[in-house]
Structures are given as C-alpha cells and as structure tokens.
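Read off the chains here:
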Amino acid sequence: MRRHQQLQLWLTIGLLVLIALVPGLALPVLAEGGTGTSGTAGTSLPPGAEVPPPYTAGEQGVDLDALSSGYWFLRQWGQKAPNGTFRDPVGIAIDSLGYVYVSDFYNYRVQKFSASGLFVSSIGSYGVRNGQFLGPYGIALDRKGNLFVADRESDCVQKFDKNGRFVTKWGSYGTGYGQFNYASAVAVDPDGNVFVSDELNHRVQKFDNDGVYMTQWGTAGTGDGQFTTPAGLAIDGLGNVYVSDYGNHRIQKFDNDGFYLSQWGSYGTGNGQFNQPFELCFRNGVLYVADSGNNRVQEFDQIGTYLGQFGSSGTGNGQFSRPTSLAVNGAGNIYVVDQKNERVQKFNKYGVFKQKWGKESVSASLFGDPASPALDSAGNVYVADYGSNRIVKFSSTGGFLKKWGSSGTGNGQFNRPTGIAVDANGNVFVADKLNNRIQKFSNSGVFLTAWGSVGGGNGQFSNPRGIAVDTQGNVYVADVGNARVQKFDNSGGFLASL
C-alpha cells in the first residue's frame, strides 16, 4: 500500500471518529460489506423497507450492526461493463495471430478482440490479487505470446501466458531498483527483455522476461537523457529504445542499455512538434507517435525524420479525442486507442480510416468507478461516480432519478469526485478531488457554489476526499494531502482546521 493510500485510510478513519464524537454530525453511509467514508444517514430505514437480520463478521468480515447500530444491507444495483465497451482505454498490442489487446483502465481489465474488432475474451477484475488490476495501463507482448501489463495504480507489472493465465508479477511503490511510482508503458525487445517507463520517478527500468531487474536510466529534468514523465516506449529491430518524454514534448532515443543517442521534437502543432506525446509503436522502419494533445498520429523514421501524420480533433471517423496508444499489424494496418471517444479506430497503412469499435461503458445504472454514497432525508441515494466524473441519484429502491457532471474544471464539472454528503435541506456537497475544491449543488444537481484551490493554507486542499455535514450545516472535509480535517460553514466559509 502506498504511503498516500495509508494516509488516506487513516484520515478517513479519523473523519469517521470525528463524525461519531461531534454532537449532531451525521454518520456515514455504509456500503455493502465495508465502511463508508462520507455522507449522511439516519438509523431509520426507507419507508416500507423490511428489516433483515444484520450482517455478522462471519458473513461479511465486519460486524456492521456493532459498528453502526442500525445499518442493514437491503439491496444493491449497478452492473459490470458489457464486453466490448470501454472506460478510459489506454494501451493496445497485437499478437502474431493478429488479435488485438486493449487495456480498459476503469473497467480493470484487458480485452481481446479479433482483427475486425469482435470481442474474444478478457482478463482481470478490480483488486490487488494476482491477475487483478487497480489501473491497467500500458501493455506489450513478447514473441511467445506472453502478455505484460503495467498496472499503474498498483505500481507493478503482471505477466500472463498466451492463454491469459497469470504467470508472475513484480514491483511495488518506491524509488528503489524494481520499484515504481506509476508504471505506465511497457515494451519488450527481440530478446524478451522488458522495459517499463517509471513515470513519476522519471526513468526507464529494464528487466529480464521474468521480472529480474537489470538496469535503469533517467532522472527528472530537460537535458539529454532526462525526463519529465516518460509516457511511452517502443523498440526497433536493433533493440534501440524510443521514449516519449511527455512533459518535455519530445522523443528520445537510446541504445538497449540506456545510452543516449538522439532526440527530436518540441512543443507545438507543426510537423514534428508535439503536445504531450503518449505511446509509441515501431513497425517496418517507421516510428508511430500518439500525439495526444494534438489529436493526431505522427510518423517518423529511425533518426527522427518526419514522414507524415493523420487525424484531427473530433468525434467523427478518423478523428480523435486524446489518442493514447497505437499498434500496427503485419499487414500494416494501424490501430489507435481513441481514449476520450471510448473506442479503437483502425486505419490502413496510409492512415485512411477503415473501421472502429467500442463505446463508453457508462449508463444510468452502470458505474465507471463508484467511490462514495450519501442519503437524503427522503432516502434517495447519491453516488459519486469517480471514474465517470459525475453524480448519480437513485431512489431508495435503486431506481435511476438523475445524473449530472462531466470531466473538466468548470462549475458542475469534476476531476475524480470522491466524497459526497447531503445536508438537512437536501443540498449536495461533493469533494472534487483532483480539482482540489468542494462543490455545492441543489438536490436536483443545480450548481450553487464552490470553494477551495490547491495549497496548504486555510480553505485550500491537497486531494480532498471524505466529507460530512453536521445538523447545523457545517461541512467537514478530510484534506488528505495536507493530513488534516477542515471545517467550513454551509457556504464554504473557513471555520477551523482540526
């Protein structure tokens, strides 16, 4: 468990203790089989609900009756994403038979398709056990058909055989040899050695095929051989390693042991310029670059000479909204992960659109990554859908009522909403985690106000997570990155740091 995850856990526990000790501060909602982090609820059941026996430790691993004095499991809703749909697809790879593999980040799986996009199978589910994922990101295949998956959120790489069976994994959070701080891209050389871009450690690490550490290179910076968030990797037939230096808007080339050879690119929209270059693919003497911020694919030879490009911003055929990864099959067809359009597009070797597949795996009853629930006085349930950047409202029986929110920084938009609470008047408060603010809405989703910015001062936040409201309407926020709980009045006026 990462240090910030441990801190988050203890802050959440601290907020729950605060909720229990402060008179009039509402208890958190408890999700099935675990403890909640935020929200309000009474101990009464929704109108007409029958009272089943409370869960015991033997049934769910936690004695909810003893913990909450009046919480019982009644029902659940929401479902697994259908096969062939995506929620933030990231990585792509093609095996020797032409099958296409796509990492489906917020559905915690890797999906396998035919060359024409027909779903074949998938591996993975949410979790930290062998074969499970917290955030599958870059993927690669070796010549034997073994699949390597960089699990960005678990700081590890997992290896599966050609039949999808788990083989081994390596890595943990840290800065030491074989440790990672966001393992993002993965690539395999002709000898089967595995290269991993260690994003926030600003380096590339090299391992043998079973994960034994071999060497590394790179530090944070803008000089030759330095990186600012290395995001993508590709290897040519000679074993040379190409690295997309995402934050420096360039491509760097190294030999197989990390000796710097050359670089090209700068920030911009011109030929050979980049805006946050993401994944790479080398095939038939051509290096393909997913130029994500410019919504295009650019092509270069082995020394960085510009050859061509295709794509533009949009939702139509051949257009992109943040292309993140790409792969090329034996016939020269180019497959591109069009992340924010939640699809894969296929082009011929000249960049002409051929087909597409996939769609967003989010609907009213289908969550991207539900993070926190809360109840209002009528028993309606509000869910902060972290992975879909929205709030979803249900009746007490699970009937869909309303949803609001989208990705962004504007009023009513979210960047990973994590905590939610409802006051006695039905106002809804949302901890907008990565926007470092709290937003307040009516119970129908109308934006009312917002407060907070990134920082350590009073009223500022660093990844706010848990949130609760007392009977006087005061708002308590677990400010995880600053290791504190802050108290505000109902309109966001700062009152105290606890």
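Please read these numbers as outputs of a predicted model, since none were measured by experiment. Along each chain, residue indices are assigned from 1 in the same order as the chain's sequence is written. At least 70 in pLDDT is required for a residue's local features to be given in this predicted model, at least 80 for side-chain atom pairs to be given and counted, and no such filter applies to totals for whole chains, interfaces and linings, which use all residues. Excluded from the side-chain calculations are hydrogens and water; all other atoms, namely the structure's heavy atoms, are used.

Peer 1: Help me understand the overall build of the protein, please; the structure alone is not making it clear to me.
Peer 2: Helix and strand assignments follow DSSP, with helices taken as H or I runs no shorter than four residues and strands as E runs no shorter than two, numbered in order from the N terminus. Helix and strand content of the protein: 3 helices and 36 strands. Throughout this description, buried means an accessible area under 20% of the type-specific maximum (1.4 Å probe, protein chains only), exposed means over 50%, and partly exposed covers the range between. The proportion of buried residues among the 498 residues of the protein is 56%. All accessible areas in this document rest on Shrake-Rupley with a 1.4 Å probe, and a residue is counted as covered only by the protein chains that are shown. Of the roughly 20000 Å² that the protein leaves accessible, carbon and sulfur atoms contribute 49%.

Peer 1: How should the packing of aromatic side chains be read in this particular structure?
Peer 2: Aromatic ring pairs are described here by two measures, namely the spacing of the ring centres and the angle between the planes. We call Phe, Tyr and Trp rings a pair once their centres come within 6.5 Å, taking the six-membered ring for Trp, and we label the pair stacked below 30 degrees between planes, edge-to-face above 60, and tilted otherwise. Going through the model one piece at a time under the given rule, you end up with 36 aromatic pairs. Pairing phenylalanine 274 with phenylalanine 300 gives two aromatic rings, centres 5.7 Å apart and planes at 55 degrees, and the pair type is tilted. Residue phenylalanine 274 is found in the loop between strand S16 (260-264) and strand S17 (277-283), and its partner phenylalanine 300 is found in strand S19 (residues 296-300); the two are separated by 26 residues along the sequence. Judged by its relative accessible area of 0%, phenylalanine 274 falls in the buried class. Each ring, one from phenylalanine 461 and one from phenylalanine 488, has its centre 5.7 Å from the other, and the planes form 55 degrees; the classification is tilted. Of this pair, phenylalanine 461 sits in the loop between strand S32 (447-451) and strand S33 (464-469) while phenylalanine 488 sits in strand S35 (residues 484-488); the two residues are 27 residues apart in sequence, bridging distant segments of the chain.

Peer 1: So what exactly am I meant to see when it comes to the sheet that holds strand S11 (residues 203-207) here?
Peer 2: The strands making up a sheet associate through backbone hydrogen bonding, with each pair oriented either parallel or antiparallel. Pairing in this open sheet of 4 strands is antiparallel, and the strands run S9-S10-S11-S12 from one edge to the other. Every other strand in the sheet has two partners, leaving strand S9 (183-188) and strand S12 (213-217) as the edge strands with one partner each. Across this sheet, the average inter-strand angle for adjacent strands is 20 degrees, counted without regard to direction. For two strands to be treated as a pair, DSSP must find no fewer than two bridges joining them. Here strand S10 (residues 194-198) pairs with S11 via 5 bridges, running antiparallel. Each bridged residue has a counterpart across the sheet, and for aspartate 198 the counterpart in S11 is arginine 203. Interaxial angles span 0 to 180 degrees and are taken between N-to-C directions of axes, which are lines fitted to C-alpha atoms, for helices over the stretch in contact.

Peer 1: Which parts of the structure should I look at to understand the side chain of aspartate 470?
Peer 2: Take aspartate 470: it is sitting in the loop between S33 and strand S34 (475-479). Of the side chains with opposite charge, lysine 487 comes closest to the buried, unpaired aspartate 470, at an N-O distance of 5.0 Å. Polar contact criterion, stated in full: a pair of N or O atoms within 3.5 Å, where within protein one must be able to donate a hydrogen and the other to accept it, and residues adjacent in sequence count only if both atoms are side-chain atoms. A polar contact of 3.0 Å, which involves the side chain of aspartate 470, links it to the backbone nitrogen of glutamine 472. As used throughout, the charge tally considers Lys and Arg to be positive and Asp and Glu to be negative, leaving His and the chain termini uncounted. Between Lys or Arg on one side and Asp or Glu on the other, a salt bridge is scored when a side-chain nitrogen of the former is within 4 Å of a carboxyl oxygen of the latter.

Peer 1: Please explain the confidence of the model for the protein as it appears in this structure.
Peer 2: Low pLDDT means the predicted coordinates in that region are not meant to be read closely. The predicted model of the protein has a mean per-residue pLDDT of 84, with 81% of residues at 70 or higher. For every residue, the predictor states its confidence as a pLDDT score lying anywhere from 0 to 100. For this analysis, residues touch if any pair of their heavy atoms sits within 4.5 Å. In the predicted structure, residues 19-23 sits below a pLDDT of 50 and forms 6 contacts with residues beyond four places in sequence or in another chain. Low pLDDT, under 50, characterises residues 26-74; the stretch is placed with 99 contacts to residues that sit more than four places away or in other chains.

Peer 1: Mind showing me how you'd approach the nonpolar core here?
Peer 2: Generally speaking, nonpolar side chains in soluble globular proteins are found buried as a group. Core analysis: the biggest nonpolar cluster contains 21 residues, and Tyr288, Val297, Phe310, Leu326, Ile334 and Val336 have the highest contact counts within it. Among the secondary structure elements, those contributing two or more residues to this core are S17, strand S18 (286-291), strand S21 (323-328) and strand S22 (334-338). Per-element tally for this core: the top contributor is S18, with 3 residues. In contact with isoleucine 334, other than residues within four places in its own chain, are Tyr288, Glu299, Phe310, Ala327, Val328, Gln345, Lys346, Phe347, Asn348 and Lys349. Joining through side-chain atoms within 4.5 Å is the link that ties buried Ala, Val, Leu, Ile, Met, Phe, Trp, Tyr and Cys residues into a set, and such a set is a nonpolar core. In terms of nonpolar packing, the next biggest core, distinct from the first, is built from 12 residues, Ala140, Trp170, Phe180 and Phe207 among them.

Peer 1: Even after reading the chapter, I still don't get the pattern of salt bridges, so can you show me in this structure?
Peer 2: Charged atoms that come close allow side chains of opposite charge to pair. Applying the stated rule across the entire model yields 16 salt bridges. Here aspartate 385 ties to arginine 390 by a salt bridge, and the two come within 3.2 Å at their closest N and O atoms. Arginine 390 matches aspartate 385 in its accessibility class, with the two residues each being buried. Note that aspartate 432 and arginine 437 form a salt bridge whose closest N and O atoms lie 2.8 Å from each other. The same class applies to aspartate 432 as to arginine 437, namely buried. One connected set of salt bridges, linked through shared partners, spans Asp88, Lys340 and Arg416.

Peer 1: Any chance you could explain the pairing of strand S26 (residues 381-385) here in plain terms?
Peer 2: Every other side chain in a regular strand lies on the same face of the sheet, so the side chains alternate between the two faces. The element S26 is extensively covered by neighbouring structure, given that 5 of its 5 residues are classed as buried. Residues Val381, Val383 and Asp385 point to one face of S26 and Tyr382 and Ala384 to the other, with burial holding for every one of them. Strand direction decides the pairing type here: S26 and strand S27 (residues 390-394), joined by 5 bridges, are antiparallel. Of the residues in S27, the one forming a bridge with valine 383 is valine 392.

Peer 1: I tried to follow unusual backbone geometry on my own but got confused; where do I start?
Peer 2: Excluding glycine, most residues fall at negative phi; most peptide bonds, likewise, are trans. The phi torsion at aspartate 155 lies on the positive side, around 55 degrees, for a residue other than glycine. Topologically, aspartate 155 is positioned in the loop between strand S6 (147-151) and strand S7 (156-160). Not every positive phi belongs to a glycine, and glutamate 342 is a case in point at roughly 55 degrees. Mapped onto the elements, glutamate 342 comes out in the loop between S22 and strand S23 (343-347).

Peer 1: I would appreciate a short explanation of the environment of tyrosine 101 in the present structure.
Peer 2: By secondary structure assignment, the location of tyrosine 101 is in strand S2 (residues 100-104). On the basis of relative accessibility, which here comes to 8%, the residue tyrosine 101 falls in the buried class. C-alpha separation for the pair tyrosine 101 and phenylalanine 113, spaced 12 residues apart in sequence, amounts to 6.4 Å. Discounting chain neighbours no more than four positions away, the residues touching tyrosine 101 are Gly91, Ile92, Ala93, Asp95, Val110, Gln111, Lys112, Ile139, Leu141 and Leu147. Of note is the side chain of tyrosine 101, whose polar atom sits 3.0 Å from the side chain of aspartate 95.

Peer 1: What is the right way to look at the sheet that holds strand S31 (residues 437-441) in this model?
Peer 2: Taken together, the 4 strands give an open sheet; going across it, the order is S29-S30-S31-S32, and neighbouring strands pair in antiparallel fashion. Sheet topology places strand S29 (417-422) and S32 at the edges, where each strand pairs with a single neighbour. Going from strand to strand, the sheet's axes swing by 20 degrees on average, the running direction of each strand aside. The sheet contact formed by S29 and strand S30 (residues 428-432) spans 5 bridges and is antiparallel. By the bridge assignment, isoleucine 420 is partnered in S30 with valine 430.

Peer 1: Looking at this model, I keep getting lost on the environment of glutamine 276. Mind explaining?
Peer 2: Along the chain, glutamine 276 falls in the loop between S16 and S17. Each C-alpha atom, one on glutamine 276 and one on aspartate 291, is 6.3 Å from the other, the two residues being 15 residues apart in sequence. Those residues in contact with glutamine 276 that sit more than four places away from it in its chain are Tyr246, His249, Ala290, Asp291, Ser292, Gly293 and Arg322.

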